[in-house]
Amino acid sequence: MAKQKGLRPTWEGHLRLSLVTCPVALYTATERSADIHFNLINPKTNNRIRMQTVDAGTGKTVDRADLVRGFEVSKNKYVLLDKEELDAVRLESTRILDIEEFVDAGGIDRIYWDQPYYLAPSGKTGIEAFSVILAAMVRQKKVALGRVVMHQRERICALEPRGKGILLTTLRTHDEIRDASEVFDRSLPKPEPRMLQIAEKIIEQQEAEFEPKHFKDRYEDALRDLIARKKKGETVTTAAPEEEDEKVVDLMEALRKSLKGGGGPSREKTERFLEAHGRRTKAKPKAKSRRKTAARKRAA
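Residues numbered from 1 in each chain as written. Predicted model: local features only at pLDDT ≥ 70, side-chain atom pairs only at ≥ 80, totals over all residues. Heavy atoms only, no water.

Concerning the overall build of the protein chain
In step 1: When helices and strands are counted, the protein chain shows seven helices and eleven strands.
In step 2: Among the 300 residues that make up the protein chain, the fraction classed as buried is 20%.
In step 3: The contacts of the protein chain with a sequence gap of at least 6 include a subset with a gap of at least 24, amounting to 62%.
In step 4: Split by element, the accessible area of the protein chain, about 25,000 Å² in all, is 51% carbon and sulfur. (Helix = DSSP H or I, 4+ residues; strand = E, 2+ residues; numbered from the N terminus. Buried < 20%, exposed > 50% of the residue type's maximum accessible area, 1.4 Å probe, protein only. Contact = heavy atoms within 4.5 Å. Areas by Shrake-Rupley, 256 points an atom, 1.4 Å probe, with all protein chains shown as cover.)

Here it is in structure tokens:
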């Protein structure tokens with residue numbers, strides 16, 4: 001069973017495959033508590049600002065405990081729903097995570113993948129059933145699709161084996177995905193062959209294995225550094241953004257400069273590649289002028 005020290009489950013219930021069930025708990029797989037969060041402060045008093053719930057019509061404050069949810073059916077017209085009414089329409093999946101079918105992971109378009117969670121056995125009861133379901137999924141190399149209600153909303157989810165547990169990822173519904181044609185409505189020109197070959201060479205130069213530790217939130221790091229310096233009482237000045245030495249507007253020239261700046265092949269290999277594709281160095285015009293000078297001397 002997974003270690004759950006200090007972790008509070010997001011959801012608890014039963015995982016069900018046909019007639020086989022077992023108690024499980026769902027835990028968030030990502031950590032956001034380390035992110036920097038700001039409070040609104042009154043700089044004159046150095047006190048935090050307290051947000052109040054205010055009636056938009058009367059301007060008076062209202063106790064949160066007295067509030068109910070409302071759905072707007074027309075301008076300023078709402079259908080009001082209290083907690084008891086909302087609880088009455090809760091689905092079975094509020095406590096049952098029902099596996100409905102199995103698919104290939106590659107068959108799910110990446111645009112549908114949403115939020116990841118860890119699914120682990122809850123308690124000792126039913127741990128054998130969890131183990132059987134997990135082992136069967138590993139052998140079949142399939143991803144299970146199911147439904148779960150979280151935060152008062154039913155979500156489609158994908159379940160896949162991960163170590164000694166299951167990675168559950170909520171999936172977006174088809175209605176949540178915008179039609180790409182709304183954005184990708186332009187017809188693109190056919191790439192010039194030499195440009196395409198250089199671009200492919202740049203990709204080869206920058207090929208690497210994915211290492212998530214290499215990618216950090218630089219803005220978050222800069223904020224932490226700023227806060228640390230301010231805490232020490234340092235005066236922080238804003239530096240002007242660095243200007244580029246030269247701007248390349250020609251696409252072929254930009255590709256050539258990118259290729260030369262790559263970290264893969266040697267400079268000699270890069271030059272040979274560029275020469276082989278019709279882009280020699282700028283020494284050719286000088287050679288041509290020397291020939292003209294020699295011809296003038298002979299004529300004299």
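Next comes the rest of the description.
Some points on the environment of Ile-127
In step 1: Secondary-structure assignment places Ile-127 in helix α2 (residues 127–140).
In step 2: For Ile-127, a relative accessible area of 34% corresponds to the partly exposed category.

Focus on the pairing of strand β1 (residues 11–17)
In step 1: In this sheet, strand β2 (residues 20–28) lies alongside β1 in antiparallel orientation, the contact comprising seven bridges. Looking at β2, one finds that Glu-12 is bridged to Ala-25.
In step 2: Taking the residues between adjacent antiparallel strands as the criterion, β1 and β2 are bridged by two residues, where Ser-18 takes a positive phi near 60°.
In step 3: Pairing between β1 and strand β7 (residues 96–103): three bridges, direction parallel. Bridge pairing links His-14 to Ile-96 in β7. (Pairing = 2+ DSSP bridges.)

Description of the environment of Gln-206
In step 1: Mapped onto the elements of the fold, Gln-206 is located in the loop between α3 (193–205) and α4 (218–231).
In step 2: Along the chain, Gln-206 and Leu-259 lie 53 residues apart, while their C-alpha atoms are 9.9 Å from each other.

Quick word on helix α5 (residues 251–260)
In step 1: All buried positions along α5 are accounted for by Met-252, Glu-253, Leu-255, Arg-256 and Leu-259. Seen along its axis, α5 keeps its buried residues to an arc of 160°; they face one direction.
In step 2: The N-terminus of α5 is capped by Asp-250, whose side-chain oxygen sits 3.3 Å from the backbone nitrogen of Met-252. (Arc of directions from axis to C-beta. Polar contact = N/O pair within 3.5 Å; in protein donor to acceptor, adjacent residues only side chain to side chain.)

Points about a nonpolar patch on the surface
In step 1: Judged by side-chain polarity, Phe-71, Val-73, Val-79 and Leu-81 come together as a nonpolar surface patch covering roughly 360 Å² of accessible area.
In step 2: Elements represented by at least two residues in the nonpolar patch include exactly β5 (69–74) and β6 (77–81).
In step 3: On the secondary structure map, Phe-71 appears in strand β5. (Patch = residues over 30% accessible without salt bridge, like charges linked within 9 Å, V, L, I, M, F, W, Y side chains within 5 Å. Salt bridge = Lys/Arg side-chain N within 4 Å of Asp/Glu carboxyl O.)

Concerning the confidence of the model for the protein chain
In step 1: The share of residues in the protein chain with pLDDT of 70 or more is 80%, and the mean pLDDT across the chain is 82.
In step 2: Taking the mean pLDDT of every element in the protein chain, the minimum, 49, falls on helix α7 (residues 284–299) and the maximum, 96, on strand β11 (residues 165–171).
In step 3: The low-confidence segment residues 280–289, where pLDDT is below 50, has five contacts with residues more than four positions distant or belonging to other chains. (pLDDT = per-residue confidence, 0-100.)

Re the layout of surface pockets
In step 1: A volume near 350 Å³ is recorded for the largest pocket.
In step 2: Taken together, 15 residues form the lining of the largest pocket, with Arg-90, Thr-94, Val-149, Gln-152 and Arg-153 sitting closest to its centre.
In step 3: Counting only elements with at least two residues in the lining of the largest pocket, the list comes to α1 (83–88), β9 (143–150) and β10 (153–162).
In step 4: Each residue belonging to the lining of the largest pocket can be placed in one class, and the counts come to six nonpolar, four polar and five charged. (1 Å grid on protein atoms, 1.4 Å probe; cavity = no way out; pocket = protein on both sides within 12 Å on 5 of 7 lines; lining within 4 Å. Points joined across faces, edges and corners; volume = space filled by probe spheres on them. Nonpolar A, V, L, I, M, F, W, Y, C, P; charged D, E, K, R; others polar.)

As for unusual backbone geometry
In step 1: The backbone of Asn-76 shows a phi angle near 65°, a positive value even though the residue is not glycine.
In step 2: Of note, Asn-76 is situated in the loop between β5 and β6.
In step 3: The phi torsion at Lys-141 lies on the positive side, around 55°, for a residue other than glycine.
In step 4: Looking at where Lys-141 falls in the secondary structure, it is placed in the loop between α2 and β9.

Comments concerning the packing of α3 against α5
In step 1: Contact geometry for α3 and α5: axes closest at 9 Å, N-to-C directions at 25°. The orientation of α3 relative to α5 falls into the category roughly parallel. As α3 runs across α5, the sense of the crossing is left-handed. On α5, the residues that touch Arg-194, Met-195, Ile-198, Ala-199, Lys-201, Ile-202 and Gln-205 of α3 are Leu-251, Met-252, Leu-255, Arg-256, Ser-258 and Leu-259. (Axes fitted to C-alpha atoms, helices over the stretch in contact; angles between N-to-C directions. Parallel < 35°, antiparallel > 145°, perpendicular 65-115°, else oblique. Left-handed = near helix turned anticlockwise from the far one by under 90°.)

Re the nonpolar core
In step 1: Formed by 21 residues in total, the largest nonpolar core has its most connected members in Leu-15, Leu-97, Leu-119, Leu-159 and Ile-166.
In step 2: Secondary structure elements with two or more residues in this core: β1, β2, β7, β8 (113–121), α2, β9, β10 and β11.
In step 3: In terms of residue count, the dominant contributor to this core is α2 (five residues).
In step 4: Aside from chain neighbours lying at most four places away, what touches Leu-119 is Leu-15, Val-24, Ala-25, Leu-26, Leu-97, Phe-130, Leu-159, Gly-165 and Ile-166. (Core = buried A, V, L, I, M, F, W, Y, C linked by side-chain atoms within 4.5 Å.)

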